[in-house]
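Remarks on the overall topology
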Amino acid sequence: DTAVSQTPKYLVTQMGNDKSIKCEQNLGHDTMYWYKQDSKKFLKIMFSYNNKELIINETVPNRFSPKSPDKAHLNLHINSLELGDSAVYFCASSQTGGNQPQHFGDGTRLSIL
Amino acid sequence: GNSVTQMEGPVTLSEEAFLTINCTYTATGYPSLFWYVQYPGEGLQLLLKATKADDKGSNKGFEATYRKETTSFHLEKGSVQVSDSAVYFCALNANTGNQFYFGTGTSLTVIP
């Protein structure tokens, strides 16, 4: 009965490859997010979708492309992986309404060789 | 604009010491404020929240009071335990959309 689940938990791959990370939430929330956390624990918002519509698209390389097939899923595809993409990627969800918190997945640890 | 400023870490305390982690914010409108905790190898978990001025959020012995006059939401705990070792994030939602603003995180290590 995990609320926000991400797969895979670990991803080790070579530079130049293409990879995807999947996220699903079973909380009935209407908004989902992708964050990147660097080695210093700094959390950077990448994208946000509300009811399958992109609402936040921060300055992120075009190699990163989110896809939301329905409001319970938000996937992240990364093309031509680079060394600097090594990080932990977190998916989160929330319900619209400022006093509602975000719920986070356990993260995907991406390592580029 | 909206932003959150947290005290720099890392913070190291002995067990049973008093903890304060400072957090101040800038926001348009009337934000909701949150503290999240991240244990090693895990995602962020909501620790407590406050949605209006003078509200006090509390959970697991941690407390924070929403102070509009000083635009602050400092996290406190009277007696920390080794199991409280984690990274703590202050965050706000400006109530004008779905975007959350996070502080840089404060790493806490509690030693026996």
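First, a word on what this report is: a plain description of the structure on this page. Nothing here was measured: the structure is a model prediction, and the numbers come from that model.

Considerations on the nonpolar core
Core analysis: the largest hydrophobic core is formed by 27 residues, its most contacted members being B:Trp35, B:Leu47, B:Leu48, B:Phe73, B:Leu75 and B:Tyr88. Going through the elements one at a time, strand S2 (11–14), strand S3 (19–21), strand S4 (23–26), strand S5 (32–38), strand S6 (44–50), strand S8 (62–65), strand S10 (86–93) and strand S12 (106–111) of chain B are the ones with two or more residues in this core. Non-local contacts of B:Leu48, meaning those with residues more than four positions away in its chain, are made with B:Leu33, B:Phe34, B:Trp35, B:Gly57, B:Ser58, B:Asn59, B:Phe62, B:Glu63, B:Ala64, B:Phe73 and B:Leu75. By size, the runner-up hydrophobic cluster in this structure holds 20 residues, among which are A:Met46, A:Leu81, A:Tyr89 and A:Cys91.

Points about the pattern of salt bridges
All told, the structure shown has five salt bridges over all chains when counted by the stated rule. The residue A:Arg63 makes a salt bridge to A:Asp85 at a minimum N-O spacing of 2.8 Å. Of this pair, A:Arg63 sits in the loop between strand S6 (53–57) and strand S7 (64–70) while A:Asp85 is found in the loop between strand S8 (73–78) and strand S9 (87–94), placing the two residues 22 residues apart along the sequence. Residue A:Arg63 is classed as buried on the basis of its relative accessible area, which comes to 15%. For A:Asp85, a relative accessible area of 4% puts it in the buried group. Among the ionic pairs, B:Asp55 bridges to B:Lys52, the shortest N-O distance being 3.3 Å. Each of A:Arg63, A:Glu82 and A:Asp85 takes part in one network of salt bridges that share partners.

Observations regarding the environment of B:Gly105
Residue and element names in this part refer to chain B. Tracing the chain through its elements places Gly105 in the loop between strand S11 (100–102) and S12. Residue classification places Gly105 among the buried residues on the basis of a relative accessible area of 14%. In this structure the C-alpha to C-alpha distance between Gly105 and Lys49, which are 56 residues apart in sequence, comes to 16 Å. Among all residues touching Gly105, those that are not within four sequence positions of it are Gln6, Met7, Val87, Tyr88 and Phe89.

Looking at the pairing of S9(A)
Residues and elements named next belong to chain A. For S9, the tally of buried residues reaches eight of eight residues, placing the bulk of the element in the interior. Residues Ala87, Tyr89, Cys91 and Ser93 point to one face of S9 and Val88, Phe90, Ala92 and Ser94 to the other, with burial holding for every one of them. Relative to S9, strand S4 (residues 31–37) runs antiparallel, the two being bridged by seven bridges. Within S9, the position partnered with Lys36 by the bridge is Tyr89. Where S9 and strand S11 (residues 108–112) come together, three bridges link them in antiparallel fashion. By the bridge assignment for S11, Tyr89 is matched with Thr108. Across two bridges, S9 lies against strand S10 (residues 103–104) in antiparallel orientation.

Overview of the sheet that holds strand S7 (residues 56–59) of chain B
Residues and elements named next belong to chain B. Taken together, the four strands give an open sheet; going across it, the order is S3-S9-S8-S7, and neighbouring strands pair in antiparallel fashion. The sheet terminates laterally at S3 and S7, the two strands that pair on one side only. Mean inter-strand twist for the sheet, computed between neighbouring axes without regard to direction, equals 15 degrees. As defined by bridge partners, S7 adjoins S8 across four bridges and the pair is classed as antiparallel. Among the inter-strand pairings, Lys56 is bridged to a residue of S8, identified as Thr65.

What to know about the state of the cysteines
All names here are of chain A. For the structure on display, the rule yields two disulfides over all chains. Linked covalently through their sulfurs, Cys23 and Cys91 form a disulfide whose S-S length is 1.9 Å. Given an S-S torsion of about -80 degrees, the disulfide between Cys23 and Cys91 has left-handed geometry. Highlighted residues: Cys23 in strand S3 (residues 19–25) and Cys91 in strand S9, separated in sequence by 68 residues. This pair shows no difference in class: Cys23 is buried, exactly as Cys91 is.

Things to note about unusual backbone geometry
Here the amide bond leading from A:Thr7 into A:Pro8 is cis, since omega sits at -5 degrees, within 30 degrees of zero. Here A:Pro8 lies in the loop between strand S1 (4–7) and strand S2 (10–13). One non-glycine residue, B:Lys60, lies in the positive phi region at around 55 degrees. For B:Lys60, the location among the structural elements is in the loop between S7 and S8.

Calculation rules
- Residue indices begin from 1 for each chain and proceed along its sequence in written order.
- Naming scheme: in the order in which they are written, chains are lettered from A and ligands are numbered from 1.
- In keeping with the model being predicted, local features are shown solely for residues with a pLDDT of at least 70 and side-chain atom pairs are shown and tallied solely at 80 or more, while totals for entire chains, interfaces and linings include all residues.
- Only heavy atoms go into the side-chain values, all of them from the structure, while hydrogens and water stay out.
- Residue types Ala, Val, Leu, Ile, Met, Phe, Trp, Tyr and Cys, when buried and joined through side-chain atoms within 4.5 Å, form a set referred to as a nonpolar core.
- Buried means the residue's accessible area, taken with a 1.4 Å probe over protein chains only, is under 20% of the maximum for its type, while exposed means over 50%, and partly exposed covers the values in between.
- Elements are defined by DSSP. Helices are runs of H or I of four residues or more, strands are runs of E of two residues or more, and each kind is numbered from the N terminus.
- Contact between two residues is taken to exist if any of their heavy atoms lie within 4.5 Å; hydrogens are not considered.
- For this document, the term salt bridge refers to a Lys or Arg side-chain nitrogen within 4 Å of an Asp or Glu carboxyl oxygen.
- The criterion for strand pairing is that DSSP finds at least two bridges linking the strands in question.
- Helix axes are fitted only over the stretch in contact, all axes being lines through C-alpha atoms; the angle between N-to-C directions runs from 0 to 180 degrees.
- Disulfides are defined as pairs of cysteine sulfur atoms found within 2.5 Å of each other.

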